[in-house]
Amino acid sequence: MVDNRKPSFVECDSYKPLLKEEQPSGTSVLRVTATDPDPQQIIEYSFMVTPGERARFRIDKSTGEITTTHIFDRDEPIREKEIYISVRATDNGRPRLDDVCTFKVKIVDIDDNPPVFDKVRYEETVTNDMKADLRIATISATDMDDGDNSIIKYELLENLPDSSYFKINENNGVLTLIKPVDRSPGQYYAIGVKACNVNLQYDPVHDAVVDVKIRVVESNKFPPYFTSLPSETIVLNETFKDYSMPIAQFVANSSITEKPEVIFELLQGRTEQTNSKHTFLLEQINNTATIKLGKTLDYETVTEYTLTVSVKNSNDLIAEAVLKIEVLDENDIIPVFPEITPGAVLENEPPGTLVMQIMAYDLDGTSANNVVSYRFEDDSQHLFRIDRTTGQITTLASLDREQSDSYQLKLVAEDNSPSALYRNGKPNSITKLLFIKVLDKNDNKPKFTRNQFVAEGVPEDENINTPVIEVTASDPDATSLLNYKIVTGNEGNAFKIDKNTGRISINNRLDYETIREYSLIVHADDGIYQDYATVRIKLKNVNDNPPRFTGHRNVTIKEETIPSGCILTVQAYDPDIDNREEPQHIEFFYVDEDDDTIEIDNNGCLRLKRALNCDPPQGFKSWQFIITATDEDGAGKKTPATVNIFLEDINDNAPRLSNAMPVVWGENRSPGLIVRLTAEDVDEAQNGPPFHFSIDPNAPYEIKERFQVQGDELYALVEFDREEQKEYRVP
């Protein structure tokens, strides 16, 4: 990061936008652009406004595009001819700096107003013997538009039959008789006059129509006439406020000797320029009328008035005179400062460095009164200079922030002619206090508060995003923004650091059994200079691994025996304990507490509590038991395991005959072979066949004398009689 420098409106002086009146809201006006010499700066645009000022524009804070939020009307009564805008560009440095550009938006006239006749209707007279080609009256209309848009052309409405008696000058509205009068006194002619404004191609754009009634009077009856009236335009300063003083005087003669009385009237027009708001009043004494001021004047609203004074005699004949009143602009408006933000300049910059540009504006109507110049109230201060014309403030000396980090200046903005408000011979002026801040340069290295930071006992199963430790560095440069970063030592990307705060938190799962301590190298960077520190993070072992069994868990014993001592010693260890030679604090349990077949103690000694049988149907060749190993002396994590006990068979079962019973032998048969004997033994093969068959030595005599076993064959030694005995049981 280089020294924090302010943005600048490089093209501010060239901003002279034109905006047509009556354009809809959202119309584009101008796009302003500020540049910042510092890299990667984001500039935000905003308006600077005076308190209570109505918002008439919108600015896109990112692009600087200015659009309207208001429909402007250049014409009466609003008269929005020019608008001053002050735009501020603010960067995202630290601190945030800005520049201001003030420029004028000129509202351009469009032809959006129709002509307006000076009277609602015209009543004129002609004598019954009036000759052709004589002037009758002047029909007058005005257009509030400006320049070529206010040019008016006049014409008679041809659809009225009386129009053939008259003609009208298309440029000045002079109405002339072109035929002899052919009607009697008391009768009249009725015509219509159209006033229209035209575009550059002379095509009509807007028009208005007025009725004109021309009464025929006797030739010996004459209208009144003015004997005295102003011959020149009346000129008034806009600050003129003598409401009792006559501005103009009119004297008239009735043209009737026996009836000299006349009545004056100040006609009310349709526009403010023709006295629609009674800015001027008429007072009459006898045959004299005076014009006086009725309301305050304002050059910025109306620059010229056209008044029509009429006088009527007892024959109802009228004469008219036009009075022009010009309003002169005076210095009656005080310059205004828009909102001004503090200026800023880097320390140790050479004299002549630009600090800022200020702008005030004056809404007087002419350049004789609205040109603003600038100065400092304190002429003795020797650190800053302001250009009287442009308002640019520059340094006169190299500034030292350590000596003073800000200065307060009092600005004076004054216009260019003596004030019409104070009448003290001095121009209107306004003062404004301004702070200028001296910014720190980035000329110092950041420094960590410690060379080594240590975080003890971080549980290996701590949640991701949990803060571990916060490293801090300081920088003597007030505007330096420090960025923190882990440079080396972050194995497995285990940790992350907030670049703004230096807070280190967990980024990935930790494992004490894999890495017990991390040594991170972090740096603090102010954009130019860096400092480094070591961060040691020591993990705390937690019981996050269940016990693990080792060795075999199979044993073979003879069936139907209960060996003394351990038939098997089960072994397990806790992975959370580094040294297997140390006590592992493991307790063993037989899962089926209701079974009394086996038992196991905490040394892993497995004992048999009752004999096991491997012979069917109740016995099994192998017996399976589930045990568990639990660490932390039986209160921690557990691991199940299977113990298999295999039985070795013993000859503990006698064979038994497997022939189908009973064996049937017919009576009266000759002695001989009865059946071949078969047998089976539930013991295993080594304790089974071959079998030896014989008659039980303790068998009764009658059995021995009748039956004999030879090898595996049973023989009858005699003939049997069923009536004597039905069956024999041979043991």
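As the structure is a prediction and not an experimental result, all values here were calculated from the model.

Q: Give me the lowdown on the overall build of the protein chain, citing residues and values where you can.
A: Per the secondary structure count, the protein chain includes three helices and 54 strands. With the C-alpha coordinates aligned to their principal axes, the bounding extent of the protein chain is approximately 200 × 85 × 40 Å. Per-residue burial over the protein chain gives 42% buried out of 731 residues. Of all intrachain contacts in the protein chain linking residues separated by at least 6 positions in sequence, the fraction that spans at least 24 positions is 66%. Carbon and sulfur atoms make up 47% of the accessible area of the protein chain, which amounts to about 39,400 Å² in all.

Q: Describe a negative patch on the surface, and please don't skip the residues or the numbers.
A: On the surface, a cluster of negative charge is contributed by Glu 155, Glu 158, Glu 170 and Asp 207. Of note, Asp 207 is situated in strand β16 (residues 204-217).

Q: Residue-level account of unusual backbone geometry, with values.
A: Cis geometry is adopted by the peptide bond preceding Pro 662, which originates at Met 661 and carries an omega value of -5 degrees. Within the fold, Pro 662 resides in the loop between β50 (656-657) and β51 (672-676). The backbone of Gln 40 sits at a positive phi, close to 55 degrees, despite the residue not being glycine. Structurally, Gln 40 is set in the loop between β2 (28-31) and β3 (44-48). Take Gln 40: its relative accessible area is 78%, and that puts it in the exposed class. Positive phi is not limited to glycine here, since Asp 133 has a value of about 70 degrees. Here Asp 133 shows up in the loop between β9 (122-127) and β10 (135-138). Using a relative accessible area of 58% as the deciding quantity, one classes Asp 133 as exposed.

Q: Now, about the packing of aromatic side chains: what can you tell me, with residues and values included?
A: Under the counting rule described, the total for this entry stands at 20 aromatic pairs. Judged by centre distance (6.4 Å) and plane angle (50 degrees), the rings of Tyr 165 and Phe 166 are tilted. We note that Tyr 165, like Phe 166, is buried. Ring centres of Phe 707 and Phe 720 lie 5.4 Å apart, and the angle between their planes is 25 degrees; on these two criteria the pair is classed as stacked. Residue Phe 707 is found in strand β53 (residues 707-710), and its partner Phe 720 is found in the segment after β54 (713-716); the two are separated by 13 residues along the sequence. On the accessibility criterion, Phe 707 (8% relative accessible area) is buried. Residue placement shows Arg 183 over the ring face of Tyr 165; its charged tip is 5.5 Å from the ring centre.

Q: Give me the lowdown on the layout of surface pockets, citing residues and values where you can.
A: By volume, the second largest pocket amounts to about 1,000 Å³. Among the secondary structure elements, those contributing two or more residues to the lining of the second largest pocket are β50, β51 and β53.

Q: Quick rundown of the side chain of Glu 80? Include the residues and the values.
A: Among the secondary structure elements, Glu 80 is positioned in the loop between β5 (65-68) and β6 (82-90). In this structure Glu 80 comes out as buried when scored by relative accessible area, which is 6%. Side chain to side chain, Glu 80 and His 70 meet in a polar contact 3.0 Å long. Every residue in contact with Glu 80, bar those within four places of it in the chain, is listed here: Arg 54, Arg 56, His 70, Ile 71, Phe 72, Asp 73, Arg 74 and Ile 107.

Q: Describe the sheet that holds β53, listing the residues and the values that go with them.
A: Spatial ordering of the open sheet is given by β51-β54-β53, a layout of three strands whose pairing is antiparallel. The open sheet terminates on both sides in strands that have one partner only, identified here as β51 and β53. Ignoring which end each strand starts from, the neighbouring axes of this sheet average 30 degrees apart. Where β53 and β54 come together, four bridges link them in antiparallel fashion. Residue Gln 710 lies in a different strand from β54, and its bridge partner there is Glu 713.

Q: Before we move on, could you go through the sheet that holds strand β34 (residues 467-470) and cite the residues and values that matter?
A: Taken in spatial order, the three strands of this open sheet run β34-β38-β37, and their pairing is antiparallel. This sheet does not close on itself; its edge strands, each paired only once, are β34 and β37 (495-497). Each strand axis lies, on average, 25 degrees off the axis of its neighbour in the sheet, ignoring direction. Relative to strand β38 (residues 503-506), β34 runs antiparallel, the two being bridged by three bridges. Residue pairing across strands places Ile 469 opposite Ile 504, the latter belonging to β38.

Quick notes on the rules
Residues numbered from 1 in each chain as written. Predicted model: local features only at pLDDT ≥ 70, side-chain atom pairs only at ≥ 80, totals over all residues. Heavy atoms only, no water. Helix = DSSP H or I, 4+ residues; strand = E, 2+ residues; numbered from the N terminus. Buried < 20%, exposed > 50% of the residue type's maximum accessible area, 1.4 Å probe, protein only. Contact = heavy atoms within 4.5 Å. Areas by Shrake-Rupley, 256 points an atom, 1.4 Å probe, with all protein chains shown as cover. Patch = residues over 30% accessible without salt bridge, like charges linked within 9 Å, V, L, I, M, F, W, Y side chains within 5 Å. Salt bridge = Lys/Arg side-chain N within 4 Å of Asp/Glu carboxyl O. Lys, Arg positive; Asp, Glu negative; His and termini not counted. Charge placed at Lys NZ, Arg CZ, Asp CG, Glu CD. Phe/Tyr/Trp six-rings, centres within 6.5 Å; stacked < 30°, edge-to-face > 60°. Lys NZ or Arg CZ within 6 Å of the ring centre and 35° of its normal. 1 Å grid on protein atoms, 1.4 Å probe; cavity = no way out; pocket = protein on both sides within 12 Å on 5 of 7 lines; lining within 4 Å. Points joined across faces, edges and corners; volume = space filled by probe spheres on them. Polar contact = N/O pair within 3.5 Å; in protein donor to acceptor, adjacent residues only side chain to side chain. Pairing = 2+ DSSP bridges. Axes fitted to C-alpha atoms, helices over the stretch in contact; angles between N-to-C directions.

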